[in-house]
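# Observations on the model geometry
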Amino acid sequence: MAFLQKKNLLTILLMVLFLNGFSQKGKRERPKIGVLSGEIIDNRTGEKLEYVTVALFSLRTKNLVTGGISDKNGRFKIKEIPLGKYDIKFNFISYQEKIIKNVAFSPKGKIKNNLGIIKLEINDLELEGIEVVSEKSMMVNTIDKKVFNVSQNFTSDGGSATEIMQNIPSVDVDIDGNVSLRGSENVTILIDGKPSGLDATTLLEQIPASSIESVEVITTPSAKFDPDGMAGIINVVLKKNKLKGMNASITTGINSDKGMNASAQLNFRKEKFNLYTNYAFRNDKRSMNGTTYRENYLTNDATIILDQRLKKSNDISSNLIKFGGEYYLNDKNTFSMDFSHNQGGMYRIEDLEYRTLDGSNILTDLYFRDNTEDSDRQSSNINILYQKKFDKQKHVLDFSYSYNYSLREEDGDYAEQDYNLDYTPNNDVVPYLENNFSNNETKISSFQLDYVFPIDELSKLELGYKTILKNLNNNFEAESFDYSQSLFLNDENKTNEFEYEQENHSVYGIYGRAMGNFGFQIGSRLEQTNTNSKLINTNEKHNNDYFSIFPSAHINYDLTEVQQFQLSYSRRINRPSTRVLNPFTDYNDPSNLRKGNPSLNPEYIDSYEMSYANRLDKFSFTTALYYRKTTDKISYFKIVEEDENGNITSTTTYKNFAKEQSIGLELVGTLRPFNWLNLTSSSNFYRSKIDGSNISDDLANDAIAFSSKLMSTIKMPKSFSVQISGRYRSPRVFAQGKMFAFYMMDIAVKKKLWKDKANITLRLSDVFDTFKFSYELSDFNYMQKNVRNRSSQILSIAFTYRFGKNEYKKKKRKRSNNNNNDAFEME
């Protein structure tokens, strides 16, 4: 492992030296004493723009010489600029490119140039006599965060948030919708920076892709962020328009699986306030089939085989509404509030066939089980924020409160029928009939105070406090049919109610300082957690109170204005969910039982990362070498047992393994070799080593895995675009087995209509119908293989129309005479 770390570090350093050497080869060095500075804002709202790319192109050679990006206050300062004359280009997501021409740095003139306020304009406007055609960047790639622009990923048009995740670098989604980041499923999913009471899989499936503005991926969060999530944080940002005046858009679509979706966004902004609302509807129909094959090795050396076959259909619907507003009391005080509500449901039909065979593959037992489930799910969230700005620049106080309420109710009907070996019903045995009802309620409240104090121009101190109160109640009732009384009676062996309460109280402090090309940030979060759980029907109680310290550190070094190097460290936690804590046994599948473990401890993760980023004119990339060590790793654990009558029972529960170690290399890049072609690629190579020796001496696994994604966008004549995306995930391991590889490809064609006021998209997902999920488990007394295939080859069509009135005066622009750019001469 040490060799691998040294090897990859050497590779990164060689890349840096090569790029620096290549850019300087054959050129006569000019004195690098020029300094360029300024502040970038939105032309109409006055909002300060962060992450704007500032690039200096030599007026003589037309080549990129140096550059930088703006900070969160819209400011930039580029040093060590070679003397000469430059065209300066400003680029940012959704804004028109701006060019300031012929800026000179000369000992006889100016060595330091302050451009003052630079105003950028939104790119989706029609100027008099000229149509502005400008595309948002697919990805804003910074050293500590990656922001993915969803509007440019039209292979997800008409889909859900789950399908968007499938195209994001370093993020994987399995056939059940479980999200993983850099090979780990222990990732925190946030919506607009806030957690939801619904599980991530359900939540992402219900949110239409058309309601999402962007997705942020943070792999080494600072102490300011909540420490939950082993691999990091994925934040889904819903749309909130900021254009002045009245603006709106509508989207609708259908697919070949009889699914449909529709959404609408409306925004109204004046000088003192901004109001917005979004609504989205989604209905999705999907089928799934799968098999479970398990060989059970009995104590008498006999083998019994379970061959289970599954057919399932899901009908999922959701309604999402969000509205909110911002009121600007004055330049220093802002009040904002938003409310969102997600209401949905699912109707599921399952047909299961259970076949028991002996060691010679001769059928010995057969029965069928039909299940139907009807569920309603809802989640409501309210956020209130007050921000106070002081006279000193960057001196800010934020107070926020959020409340989330979620409810999931399910009704299930089950019928189990014995069959003869010739597949005729066994009328000598009456069918087993069961009804069950579940009610899962979650309430989460949080209070947060954040304070930023700039000590001087180069250093700052951040302080904060947060309280999170979480209350969960899971109630499950089961009743079986009594033929002697001809009615359903409560089954006490399956009925349970589980309560869980959690309190988190935390404070954090961060100190940061910049010193020339070098900068650092160190911080720590102190947290006290109190948890109480109770199984009502058995009065089984478990309390777990613990104090944790979560340090973080980030070191940055700017090799040049477009190249950056960073070292970072953060400590994180993954707390067990109520699903893995509830000790009551789930009997939904009698041959494969499931129960939680209330004695689980949280797992702690130490994450180390070394990153290098380079931003060139047509190519940018980030490479990161990372290492994670997880203590008390939470993992599911399967036990196969034989009773005195020779019956086999499989039970899946959860245990704390001693540790897990992962080391990996991630590469993310964007390339635009031509104006009509844009490529985005990512690869993640990692080695995972799991140690369960605290449970069993031979419980361990070690393997190398990788995943890769590639998306290409091709601009065609007559406002057509084609987008092709593909992904591959190699086999990977867990403690008791491994998952097999899978790959898939999507393709979409998009046509802009009516001067970009509308567009229509035709999409085919999983072109070759290869999205299949399979894994294998084994222990001394069993071997099991599961295969599942979900209907994913779907043809869909989506239509979007945008309209509105912006309150600004249209100004005529003149085309630039620059032959290398299709840009505008800005006033």
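Structural notes, computed from the coordinates. Because the structure is a prediction, the values reported are computed rather than measured.

## Structural notes on the overall build of the chain
- Helices and strands together make up the secondary structure of the chain, namely four helices and 46 strands.
- A buried classification covers 51% of the 827 residues belonging to the chain.
- In the form shown here, the chain has an accessible surface area of approximately 38,400 Å², with 54% of it arising from carbon and sulfur atoms.

## Structural notes on the sheet that holds strand β7 (residues 112–120)
- One open sheet accounts for three strands, arranged β4-β1-β7; its pairing is mixed. In this open sheet, the two edge strands, each paired with only one partner strand, are β4 (75–82) and β7. Averaged over all pairs of adjacent strands, the angle between strand axes in this sheet comes to 20 degrees, irrespective of strand direction.
- Note: strand β1 (residues 32–42) against β7, seven bridges, orientation parallel. Note that in β7 the partner of L36 across the bridge is N113.

## Things to note about the packing of aromatic side chains
- Summed over the entire model, instances satisfying the criterion amount to 27 aromatic pairs.
- Aromatic pair F518 and F520: ring centres 6.3 Å apart, planes at 40 degrees, arrangement tilted.
- What makes F518 partly exposed here is its relative accessible area of 31%.
- Three or more aromatic residues joined by ring pairs form one cluster here, namely Y636, F734, F773 and Y775.
- A cation sits over an aromatic face here: R727 above F771, 5.3 Å from the ring centre.

## Description of unusual backbone geometry
- Here E80, not a glycine, exhibits a phi torsion of approximately 55 degrees, which is positive.
- As for its position among the elements, E80 is in strand β4.
- A residue is classified by how much of its surface remains accessible, and E80, at 48% relative accessible area, is partly exposed.
- Although it is not a glycine, K258 sits at a positive phi angle of roughly 65 degrees.
- Along the polypeptide, K258 turns up in the loop between β17 (245–255) and β18 (260–269).
- Residue classification places K258 among the exposed residues on the basis of a relative accessible area of 64%.

## Focus: a nonpolar patch on the surface
- Together, I254, M260, M716, F720, V749, I760, L762, L795 and I797 make up a nonpolar patch on the protein surface, roughly 720 Å² of accessible area in all.
- Put simply, the parts of the chain that give the nonpolar patch at least two residues each are β41 (758–764) and β44 (795–805).
- Along the chain, F720 turns up in strand β37 (residues 720–729).
- Accessibility expressed as a relative area gives 34% for F720, which makes it partly exposed.

## Focus on the side chain of R286
- Within the secondary structure layout, R286 lies in strand β19 (residues 273–297).
- The exposure class assigned to R286 is buried, which follows from its relative accessible area of 11%.
- Here R286 is in contact with E163, D257, K312, S313, N314, R790, S791 and I794, once residues within four sequence places are set aside.

## Looking at the nonpolar core
- Counting residues in each nonpolar core, the largest one holds 25 residues, and the members touching the most others are M165, I168, V179, I212, V215 and I234.
- Sorting the residues of this core by element identifies α2 (161–165), β12 (171–173), β13 (179–181), β14 (188–191), β15 (212–218) and β16 (233–238) as the ones contributing at least two each.
- Excluding anything up to four places from it in sequence, V215 contacts K146, V147, F148, V150, I164, M165, I168, I234 and N235.
- By size, the runner-up hydrophobic cluster in this structure holds 19 residues, among which are V52, V54, I78 and I81.

## Considering the environment of T622
- Here T622 lies in strand β33 (residues 619–642).
- It is 9.3 Å that separates the C-alpha atoms of T622 and T670, two residues lying 48 residues apart in sequence.

## Re the environment of R672
- By secondary structure assignment, the location of R672 is in strand β34 (residues 648–674).
- When the C-alpha positions of R672 and D617 are compared, they lie 8.7 Å apart, and in sequence the two are 55 residues distant.
- In contact with R672, other than residues within four places in its own chain, are K618, L677, N678 and K715.

## Side note on the pattern of salt bridges
- Under the counting rule described, the total for this entry stands at 25 salt bridges.
- Ionic pairing is found between R348 and E373, a salt bridge with its closest N-O pair at 3.8 Å. Placement of R348 in strand β21 (residues 333–358) and of E373 in strand β22 (residues 363–389) is noted, with a sequence separation of 25 residues between them. Both residues of the pair, R348 and E373, belong to the buried class.
- Ionic pairing is found between D606 and R571, a salt bridge with its closest N-O pair at 3.0 Å. Pair noted here: D606 is in strand β32 (residues 603–615) and R571 is in strand β30 (residues 563–574), with a separation of 35 residues, a long-range link.
- Accessibility expressed as a relative area gives 13% for D606, which makes it buried.

What counts and what doesn't
Residues numbered from 1 in each chain as written. Predicted model: local features only at pLDDT ≥ 70, side-chain atom pairs only at ≥ 80, totals over all residues. Heavy atoms only, no water. Helix = DSSP H or I, 4+ residues; strand = E, 2+ residues; numbered from the N terminus. Buried < 20%, exposed > 50% of the residue type's maximum accessible area, 1.4 Å probe, protein only. Areas by Shrake-Rupley, 256 points an atom, 1.4 Å probe, with all protein chains shown as cover. Pairing = 2+ DSSP bridges. Axes fitted to C-alpha atoms, helices over the stretch in contact; angles between N-to-C directions. Phe/Tyr/Trp six-rings, centres within 6.5 Å; stacked < 30°, edge-to-face > 60°. Lys NZ or Arg CZ within 6 Å of the ring centre and 35° of its normal. Patch = residues over 30% accessible without salt bridge, like charges linked within 9 Å, V, L, I, M, F, W, Y side chains within 5 Å. Salt bridge = Lys/Arg side-chain N within 4 Å of Asp/Glu carboxyl O. Contact = heavy atoms within 4.5 Å. Core = buried A, V, L, I, M, F, W, Y, C linked by side-chain atoms within 4.5 Å.

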